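Architecture at a glance
Each chain, letter by letter, is given below.
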Amino acid sequence: MRAFLAGARAQLRFMTAYPDSLIPFFTAPLFTIVFMLVFKHAGRQDLTAYAAIAPVFIALWWLALFNSGWTITIERWNGTLEMLVASPSSFGAVVFGKIAATTAVGTVSFFEAWLVARLVFGTAVSIHHWGAFLLTVLATLGAMAGTAVGMAALFVLARNAVTFSNSASYPFYVLGGILVPVSLLPHWVRPLSDVVFLSWSADLLRATLRPAPIHRLWPHVGMVALLGACGYAVGLAALRVILVRVRKSGELSTT
Amino acid sequence: MTVRQSIAMEAGSAVEVRKLGRMFTPRKREPVVALEGISLTIPAGEVHGMLGPNGAGKTTLVKILSTVLLPTSGTARVLGHDVVEETRAVRPVIGIVFGGERGLYTRLTARQNLEYWGALYRLPSALIKQRSADLLARVGLVDRADQRVEEFSRGMKQRLHLARGLMGDAKVLFLDEPTTGMDPIAGREFRNLITELKDEGRTILLTTHDMVEAESVCDRVTLIDHGRVLATETPRTLGTLISRFQRIDVTGAPAALLAEVAALPGVSSTTPQEDGSTRIEVSEEGATAVVLRRLVDGGVTDLQTSLPSLEEVYLQTIGERGLGV
C-alpha cells in the first residue's frame, strides 16, 4: 500500500511538473464538439449519451495508457528506472499507484465534456442512477489502472514506450465500443470486445444516463472489476517475468 | 539502532563476491565478457575503491550488487544476502549513487526527490520529512531545497544523488563514479562526505577513475581490467607491489657516472628532467640499492627516491591503453 501511495503522490507532482501528460484535458472538449455535431446533423439525438461518454473514455484511457508508457520512458530518460527497480518497493505497485492517480484526476474530463455539451449544444447530460454511476466510475478507474499495469510490463520491453502506448490506445476504443456500439462491429470481433472491460464500462455508464432501469447492474460491474483485476494480476506477473528477463539481458535501462 | 551498531551486529563481510561472471550477448554481435570470475571481499565499514578503465567491469559489478543485473555465473552477497535469490533483503540495506547528470527527477525540487525516494524505502511520513531535511543540510543544499533540480549545477546534483542514496539509511553504499565532472572543490567536499559516512560505519564501494580520490578515501583498492581483478591492496601496499619501478631523481651527477649507472642491471632508463636533474627508473627488485650505492660512491649527495603514486600503479598495471576501451 505504501508503494501504491508513494507512486500516486509522486504522479500528482509529476503531472504539474510535466504538463504534457495533461493533453486529454484539452482534447476532451474538442472530441465532445465533434461527436455532438456528427450525431446532431445525423438527426440522432438519441445517441447523445454516446457523444457525452466517448470523450471521457478517450481521455481516461489515454491518460492511463500514455502514463504507463510515459512512466517507463521518463524513468529511463531520468536514469531512475534501475534505481526504482532496486528500491524495496514493488515496481508494479508503484506503477499502479501512478496510473491510478492519473486516471482519478482524469475524471475532470466528465465535467469538461458535459459542460461543453451544455454550453455549446444546450444539451444537458443528466445522471439518472447516481449510485450505479459512481460504482461504475470507481470500477472503471480501477480496471483502467490495473490493465495499464499490464501494458506497462510490455512497455518495459519496448525501446520507445510512448509511441507504443499512443498507438495501443486505438484498438481499445474500437473494441470497447465507446463511440460505435459493439453491436455494429463484425461478428467475429464481438468475442474480443467481451474481454475488454471498456465495453462493459461504456454500456453501464450510458445506461446510468437513461431513465430506464439498469438491468444486471451487479454482474456488469463485477465484469468490469474482474477484467480489471485480471489485467492487474497478469500485468504484475508479466512485470515480474519481464524484469527478470531484462535483468538477465542487461537491457533494463536501455531497451 | 544506529548504523554503526547494526553493522557491528553483522557477522562476516559486507560484500562477498565469489567467481562472479557476467557476459553480455548483444544482438547480431559477438558476446562480451564484462566480468570474468572475479572474487572480492569487502569487510563491513571499509571504503573500497574499484579502479579501472572504461569497460573494465566496474559498473557491471555495481549493477549486480544492487540487484538490477543478474550474473551469468558465481555468487554475490551483500550483508550475507544473495543478490539474486534474496533481493527483498538486499534492497532495503543498500544505497546506489550513480555519477553524471542522470538519476534524479529534474523537474521536481530537491526535497520532493528525497521525499519520493523516502516513500519508496517505505519510511513513515514524519521520518521522511525529518531525514530529507537532515540530508539536505548535510550535503549543503538546504537553501536550494525547494528549487527544481534542473537548475542545479553538476556538483549540486551529485550531492543530491548522495543524499538520495542515503534516504534509506543504507548500510552499504555503491558509489559509481560519483565525482565525474565535478570541479576540484566540489570533489574535495564530496570526499569529505565519504569520510564522514565511513566514520558512521557504513561500507562503501566506490568506483572511480580518480587516483587522488581513491588514494585519499579508500581503505583498500581493487584494480580491475577486462573483467578481471588484477590486485586488491591498500593504496600504499599497491604502490609497493611495483616498487621495482621505483624512481631515483639525481641532481649534479657527472655524465660519465650516469652512463655507468644506465648500464647497471635492472636500470631501465635515465631521463633528463626540465629542472636539470635526471630521473633513473629501475625495473628489477633490488636494483635501487645497487644504483644508490654506486651514486653515493660516485660522490652524488643530492638524490631522492620515491614510490610510484597510485596513478602510476594504475598505468603500470593496466598498461597505457590510451583511449582504447
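Now for a look at the structure at hand.

1. Re the interface of chain A and chain B
Between chain A and chain B, the contact holds 22 residues from the first and 23 residues from the second. Of all elements in the fold, only α1 (2-17), α4 (81-85) and α11 (217-249) of chain A reach the threshold of two or more residues within the side of chain A that touches chain B. The greatest single-element share of the side of chain A that touches chain B, amounting to six residues, is contributed by α1 of chain A. Considering only residue class, the side of chain A that touches chain B consists of ten nonpolar, six polar and six charged.

2. Some thoughts on the sheet that holds strand β2 (residues 32-43) of chain B
All names here are of chain B. On the basis of which strands lie adjacent, the open sheet formed by four strands has the order β2-β1-β4-β5 and antiparallel pairing. On the outer flanks of this sheet lie β2 and β5 (81-82), each paired with one strand and no other. As defined by bridge partners, strand β4 (residues 73-78) adjoins β5 across two bridges and the pair is classed as antiparallel. Directly across from R77, in β5, lies its bridge partner D82. Against the sheet, helix α2 (residues 58-65) contacts β1 (13-24), β2 and β4, and its axis sits at roughly 115° relative to β1.

3. Let's talk about the sheet that holds strand β14 (residues 303-306) of chain B
Residues and elements named next belong to chain B. The strand order across the open sheet formed by four strands is β12-β13-β11-β14, and the pairing between neighbours is antiparallel. Strands with a single pairing partner mark the edges of an open sheet, and in this sheet they are β12 (267-272) and β14. On average, each strand axis in the sheet is inclined to that of its neighbour by 20°, with strand direction left out of account. In terms of strand pairing, β12 meets strand β13 (residues 278-282) through five bridges, oriented antiparallel. Residue V267 lies in a different strand from β13, and its bridge partner there is V282.

4. Comments concerning unusual backbone geometry
All names here are of chain B. We note that D169 has phi near 55°; this positive angle belongs to a residue other than glycine. Within the secondary structure, D169 sits in the loop between α6 (154-166) and β7 (172-176). Classification of D169 by C-beta neighbours within 10 Å gives partly exposed; the count is 17. One non-glycine residue with positive phi stands out, namely H226, at about 50°. Summarising the element assignment, H226 is placed in the loop between β9 (220-225) and β10 (228-233).

5. Some remarks on the packing of helix α5 (residues 91-106) of chain A against α11 of chain A
Residue and element names in this part refer to chain A. Following both chains from N to C, one finds α5 and α11 inclined at 130°, their axes separated by 10 Å at the closest point. Judged on the interaxial angle alone, α11 and α5 are oblique. Of the two possible hands of crossing, α5 and α11 adopt the one that is right-handed. Residue-level inspection shows F91, G92 and F96 of α5 in contact with α11, the latter providing Y232, G235, L236, L239 and L243. Taken together, the residues of the contact of α5 with α11 sort by class into six nonpolar, two polar and no charged.

Rules of the game
- Residues numbered from 1 in each chain as written.
- Chains lettered and ligands numbered in written order.
- Predicted model: local features only at pLDDT ≥ 70, side-chain atom pairs only at ≥ 80, totals over all residues.
- Contact = placed C-beta atoms within 7 Å.
- Helix = DSSP H or I, 4+ residues; strand = E, 2+ residues; numbered from the N terminus.
- Nonpolar A, V, L, I, M, F, W, Y, C, P; charged D, E, K, R; others polar.
- Pairing = 2+ DSSP bridges.
- Axes fitted to C-alpha atoms, helices over the stretch in contact; angles between N-to-C directions.
- Buried ≥ 20, exposed ≤ 12 C-beta atoms within 10 Å, placed from the backbone.
- Parallel < 35°, antiparallel > 145°, perpendicular 65-115°, else oblique.
- Left-handed = near helix turned anticlockwise from the far one by under 90°.

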